[in-house]
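Coordinate analysis (summary)
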Amino acid sequence: MNMLPNNQVILSPIHAEDLPKLFEWINNEDLVSLNAYFKPVSWEAHLKWFENEKNRNDVSSFGIRLRSNQQLIGSCKLQYIHPIFQSAELQIRIGEADYLSKGLGSEAVRLLLSHGFDELKLNRIYLEVFTDNERAIKSYLKNGFLKEGVLREAGFVKDQRKDLLVMSILKAEFNAH
């Protein structure tokens, strides 16, 4: 995995010992509701998800860890990797609240984009984000993503319909950024 000069985070594989922390995050309604509909997940379902993720050939998943002590603070992945279209969807979650709004998510996004464009040879990476998730949108714009359009009322969280903003970045844009 490429490193950024002076970066505070690294991306590394997700291991079985990370599962309790990931389980905690996926069952945190406030955290999940930032980007998805919340539904409690059982430990058995969580283990099944982990096995399925490991066996998918269209996913590249990572834990986001502090460089200083290897503490797991989040996770990110490229999914729906399409070898013909050379595209993938980006997802990221900073699970530890103490590390929000410190630029660490932006660093992780840059590392994941570098992995996608340089190692996976992708041409386009896209994402969907709720239009009211200003912190995430700011991070994506900072990393060179462009707004493509809005999927009106495409999300439903906490009994509320939400618009989804579609954003993307191309390899040439990433290299120029």
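Scroll up for the structure.
Reference entry: report on the structure contained in this document. (Residues numbered from 1 in each chain as written. Predicted model: local features only at pLDDT ≥ 70, side-chain atom pairs only at ≥ 80, totals over all residues. Heavy atoms only, no water.)

**Here we look at the overall build of the protein chain**
When its secondary structure is counted, the protein chain shows six helices and seven strands. Ordered by position from the N terminus, the helices and strands of the protein chain form the series β-α-α-α-β-β-β-α-β-α-β-β-α. Against the compact-globule benchmark of 16 Å for 177 residues, the protein chain has a radius of gyration of 16 Å, which places it among compact chains. Buried residues in the protein chain amount to 45% of all 177 residues. Here the analysis covers contacts within the protein chain between residues at least 6 apart in sequence; of these, 62% occur between residues at least 24 apart. When the accessible surface of the protein chain is summed, it comes to about 9,900 Å², and 50% of that surface belongs to carbon and sulfur atoms. When the 22 positive and 23 negative side-chain charges of the protein chain are each reduced to one mean point, those points stand 3 Å apart. (Helix = DSSP H or I, 4+ residues; strand = E, 2+ residues; numbered from the N terminus. Rg over C-alpha atoms; globule rule 2.2 N^0.38 Å. Buried < 20%, exposed > 50% of the residue type's maximum accessible area, 1.4 Å probe, protein only. Contact = heavy atoms within 4.5 Å. Areas by Shrake-Rupley, 256 points an atom, 1.4 Å probe, with all protein chains shown as cover. Lys, Arg positive; Asp, Glu negative; His and termini not counted. Charge placed at Lys NZ, Arg CZ, Asp CG, Glu CD.)

**A closer look at the sheet that holds strand S6 (residues 146-157)**
Pairing is mixed in the open sheet, where seven strands are placed in the order S1-S2-S3-S4-S5-S7-S6. Looking at strand neighbours, the two that pair on one side only are strand S1 (9-12) and S6, the edges of this open sheet. In this sheet, adjacent strand axes meet at a mean angle of 25° when their direction is disregarded. Pairing of strand S4 (residues 87-94) with strand S5 (residues 124-130), which is carried by three bridges, proceeds in the parallel orientation. Looking at the pairing, alanine 88 lines up with isoleucine 125 of S5. Those strands touched by helix H1 (residues 19-26) are strand S3 (72-82) and S4, and its axis lies near 80° from that of S3. Where helix H5 (residues 134-142) meets the sheet, its contacts fall on S4, S5, S6 and strand S7 (160-170), and the angle it forms with S5 comes to roughly 160°. (Pairing = 2+ DSSP bridges. Axes fitted to C-alpha atoms, helices over the stretch in contact; angles between N-to-C directions.)

**Re the pairing of strand S2 (residues 59-66)**
Along S2, seven of the eight residues are buried, which leaves the element largely enclosed by surrounding structure. Direction of pairing for S1 relative to S2: antiparallel, over a ladder of four bridges. Following the sheet pairing, valine 9 is matched in S2 by leucine 66. In this antiparallel pair of consecutive strands, S2 and S3, the connection spans five residues, and glutamine 70 shows a positive phi of 70°.

**What to know about the pairing of S6**
Here S6 pairs with S7 via eight bridges, running antiparallel. Each residue of the ladder has a partner; that of valine 157, found in S7, is glutamine 160.

**Let's talk about the environment of histidine 15**
Relative to the helices and strands, histidine 15 is located in the loop between S1 and H1. Sequence separation of histidine 15 and leucine 164 is 149 residues, and the distance between their C-alpha atoms is 31 Å. When sequence neighbours within four positions are dropped, the list of residues in contact with histidine 15 reads Phe50 and Arg65.

**Some words on the packing of H1 against helix H3 (residues 43-55)**
Closest axis-to-axis distance for the H1/H3 pair is 11 Å, and the angle between their directions is 115°. Crossing geometry of H1 relative to H3 is assigned as right-handed. Residues Leu19, Pro20, Leu22, Phe23 and Ile26 of H1 form the contact with H3, whose own contacting residues are Trp43, His46, Leu47, Trp49 and Phe50. Each residue belonging to the contact of H1 with H3 can be placed in one class, and the counts come to nine nonpolar, one polar and no charged. (Left-handed = near helix turned anticlockwise from the far one by under 90°. Nonpolar A, V, L, I, M, F, W, Y, C, P; charged D, E, K, R; others polar.)

**Focus: the nonpolar core**
Formed by 32 residues in total, the largest nonpolar core has its most connected members in Ile64, Leu90, Leu113, Ile125, Tyr140 and Phe145. Contributing elements (two or more residues each) for this core: S1, S2, S3, S4, helix H4 (104-119), S5, H5 and S7. Considering each element in turn, this core owes the most residues, seven residues, to H4. Ranked by size, the runner-up nonpolar core spans seven residues in total, among them Leu22, Trp25, Phe50 and Leu72. (Core = buried A, V, L, I, M, F, W, Y, C linked by side-chain atoms within 4.5 Å.)

The quantities given are spatial measurements derived from coordinates; they are silent on function.
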